[in-house]
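Residue-level listing of the chains:
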Amino acid sequence: MTVSISGAIDFLQDKYALSPALQGLVISSIMIGGVIGAGFSGFLSDKYGRRRSTGRRAKSSTRPRLLRLLAN
């Protein structure tokens with residue numbers, strides 16, 4: 001996770017001219033989102049099983065990607 005943050009923070013800094021305080025807010029928001037997402041996916045895996053929950057996540061992320069591809 002930290003590799004993607006360190007790669008993205010330079011891009012975000014250039015694009016939005018973030019102050020050091022806003023950089024900290026962005027990074028901490030990304031980390032908190034990762035923790036919440038991991039906890040939620042663990043809950044889904046416990047409830048539905050690892051394979052079913054992984055398949056649902058794959059389907060839910062594929063549809064928007066295809067729509068974005070078709071929109072361009």
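Preceding block: the structure.
Think of each chain on its own: its residues are numbered from 1, step by step along the sequence as written. It should be noted that, the model being predicted, local features are given only for residues of pLDDT at least 70 and side-chain atom pairs only at 80 or more, the latter also being counted only at that level, while totals for whole chains, interfaces and linings use all residues. Based on all heavy atoms of the structure, the side-chain values leave hydrogens and waters out of the count.

Time to look at the overall build of the chain. Per the convention used, a helix needs a DSSP run of H or I reaching at least four residues, while a strand needs a run of E reaching at least two, with both numbered from the N terminus. Helix and strand content of the chain: three helices and zero strands. When the helices and strands of the chain are listed from N to C terminus, the series reads α-α-α. All radius of gyration figures rest on C-alpha atoms, and the globule criterion is 2.2 Å times the number of residues raised to 0.38. Its C-alpha atoms give the chain a radius of gyration of 16 Å, clearly above 11 Å, the size a compact globule of 72 residues would have. Its C-alpha atoms put the chain at 45 × 35 × 15 Å along the principal axes. The classification of residues rests on relative accessible area computed with a 1.4 Å probe and restricted to protein chains. Under 20% of the type maximum is buried, over 50% is exposed, and intermediate values are partly exposed. For the chain, the proportion of its 72 residues judged to be buried stands at 8%. Surface accessibility in these figures is a Shrake-Rupley result with a 1.4 Å probe; residues are shielded only by whichever protein chains are displayed. Just so you have it, the chain exposes about 5900 Å², and 64% of that area is on carbon and sulfur atoms.

It is worth spelling out helix α2 (residues 20-48) at this point. Here a helix's expected span is defined as the number of its residues, less one, multiplied by 1.5 Å. Across its 29 residues, α2 extends 42 Å between first and last C-alpha, which sits within 8% of the 42 Å expected from 1.5 Å per residue. Positioned one or two residues after α2, G49 has a phi angle of 100 degrees, which is positive.

The subject of this paragraph is unusual backbone geometry. Backbone geometry places A17, a non-glycine residue, at a positive phi of 50 degrees. When you line up the elements, A17 lands in the loop between α1 (2-16) and α2.

It is worth stressing that arrangement in space is one thing and function is another; only the former is reported here.
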